Amino acid sequence: MSESRVWPSLLAASALILLCAVVAGLAMGAAGAELTRGPTTAELRQASAVELARRWQAWPAGRIFPERLPYVAEQGGREYARRVGVSTRTDCSAAVDAALRQAFREAGCRAVLRATYLDALQGVVVTVGVAAFPDARSAVRAGRAFPRGGKPSPGLRALAFPHTVADRFTAAARQSATLGQAGPYVVLTTAGQVDGRPARAVGRQRATIFAFAGDLRERILTTLASPARPDCAGKDWQC
């Protein structure tokens with residue numbers, strides 16, 4: 001074989017090897033940059049949304065339902081509601097009246113957490129429910145199924161605790177209700193009097209006697225649905 005034929009072949013092979021090495025180097029550099037770069041704004045936003053939607057599972061009950069919650073008293077000034085107990089059940093169907101269960105299923109309800117509180121004067125009992133949904137749109141859809149005007153039925157089921165001051169809080173004793181929504185959460189309240197008197201036996205009731213239930217709802221909803229700054233090194237985050 002003549003030299004005129006050998007050298008072009010060698011040069012072409014060398015060029016091909018060099019090109020492959022350059023491409024491999026660029027690929028490795030890109031992969032390295034991808035592995036070492038920080039999260040993008042979109043990734044941080046997604047991580048924040050995932051963390052917020054998991055709070056009903058990840059947070060301890062005492063963080064969602066503190067032992068004491070402040071509220072503005074009927075006569076003015078700050079008072080504190082005391083937590084009587086927290087339900088161990090989280091299934092959606094057990095937490096709301098039968099008329100609402102289909103709406104919750106269609107909206108993809110994941111769980112309903114419930115706790116019962118007593119006002120400072122120990123005359124009014126309030127059950128607070130946190131309903132978790134896949135996203136904000138689903139939560140809004142479920143909220144539309146509830147009656148307006150503070151009507152307690154159909155609504156959140158009363159949560160009574162035997163051998164406590166709240167042991168007479170039944171479905172018939174519900175007199176008032178509120179609802180709030182933020183992000184994938186709907187927070188509900190239903191309230192009545194500790195003596196368990198049926199709502200139909202009360203007659204005309206002062207609306208302000210149950211007004212503090214809205215304060216409890218908003219404090220729980222604000223804490224649960226407020227976005228947090230992502231901490232990609234934390235165990236609760238997926239960046």
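The text that follows walks through the structure, step by step, so that each part is easy to find. Fair warning: this is a prediction, and the values are worked out from it, not measured in the lab.

### Let's talk about the environment of Arg-114
Here is step 1: Among the secondary structure elements, Arg-114 is positioned in strand β3 (residues 111-118).
Here is step 2: Residue classification places Arg-114 among the buried residues on the basis of a relative accessible area of 8%.
Here is step 3: Between the C-alpha atoms of Arg-114 and Ser-87, which are 27 residues apart in sequence, the distance is 5.5 Å.
Here is step 4: Those residues in contact with Arg-114 that lie beyond four places of it in its chain are Phe-65, Val-86, Ser-87, Ala-94, Ala-95, Thr-127, Val-128, Gly-129, Leu-156, Arg-157, Ala-158 and Leu-159.
Here is step 5: In this structure the side chain of Arg-114 is engaged in a polar contact, spanning 3.1 Å, whose partner is the backbone oxygen of Arg-157.

### Quick word on the state of the cysteines
Here is step 1: Counted by the stated rule, this structure contains one disulfide.
Here is step 2: Each disulfide pairs two cysteine sulfurs, and for Cys-92 the partner residue is Cys-109, the sulfurs being separated by 2.1 Å. Looking down the S-S bond of the Cys-92 and Cys-109 bridge, the torsion is -85°, so its handedness is left-handed. Pair noted here: Cys-92 is in helix α5 (residues 92-95) and Cys-109 is in the loop between α6 (98-106) and β3, with a separation of 17 residues, a long-range link.

### Points about unusual backbone geometry
Here is step 1: In this structure, Pro-154 follows Ser-153 across a cis peptide bond, with omega equal to -5°.
Here is step 2: Of note, Gln-122 is a non-glycine position whose phi angle comes to about 60°, a positive value.
Here is step 3: Position of Gln-122 among the secondary structure elements: in the loop between β3 and β4 (124-132).
Here is step 4: Gln-122 sits in the partly exposed class, given a relative accessible area of 44%.

### A short note on the packing of aromatic side chains
Here is step 1: Tallying each qualifying case throughout the model produces three aromatic pairs.
Here is step 2: An aromatic cluster is defined as three or more aromatic residues linked by ring pairs; in this entry it consists of Phe-104, Phe-133 and Phe-146.
Here is step 3: It is Arg-63 that lies over the ring of Trp-59; its NZ or CZ is 3.8 Å from the centre.
Here is step 4: The ring of Tyr-80 carries Arg-68 above its face, with NZ or CZ at 4.1 Å from the centroid.

### Regarding the pairing of strand β6 (residues 185-193)
Here is step 1: Of all nine residues that make up β6, nine are buried, and the element is covered over most of its length.
Here is step 2: Residues Tyr-185, Val-187, Thr-189, Ala-191 and Gln-193 of β6 are buried on one face, and the alternating residues Val-186, Leu-188, Thr-190 and Gly-192, pointing to the opposite face, are buried as well.
Here is step 3: Across nine bridges, β4 lies against β6 in antiparallel orientation. Across the sheet, Ala-132 pairs through a bridge with Tyr-185, a residue of β6.
Here is step 4: Sheet topology places strand β5 (residues 176-182) next to β6; seven bridges connect them, and they run antiparallel. Counted as the bridge partner of Leu-179 is Leu-188 from β6.
Here is step 5: Between the antiparallel neighbours β5 and β6 lie two residues, among them Gly-183 with a positive phi of about 60°.

What counts as what
Residues numbered from 1 in each chain as written. Predicted model: local features only at pLDDT ≥ 70, side-chain atom pairs only at ≥ 80, totals over all residues. Heavy atoms only, no water. Helix = DSSP H or I, 4+ residues; strand = E, 2+ residues; numbered from the N terminus. Buried < 20%, exposed > 50% of the residue type's maximum accessible area, 1.4 Å probe, protein only. Contact = heavy atoms within 4.5 Å. Polar contact = N/O pair within 3.5 Å; in protein donor to acceptor, adjacent residues only side chain to side chain. Disulfide = S-S within 2.5 Å. Phe/Tyr/Trp six-rings, centres within 6.5 Å; stacked < 30°, edge-to-face > 60°. Lys NZ or Arg CZ within 6 Å of the ring centre and 35° of its normal. Pairing = 2+ DSSP bridges.

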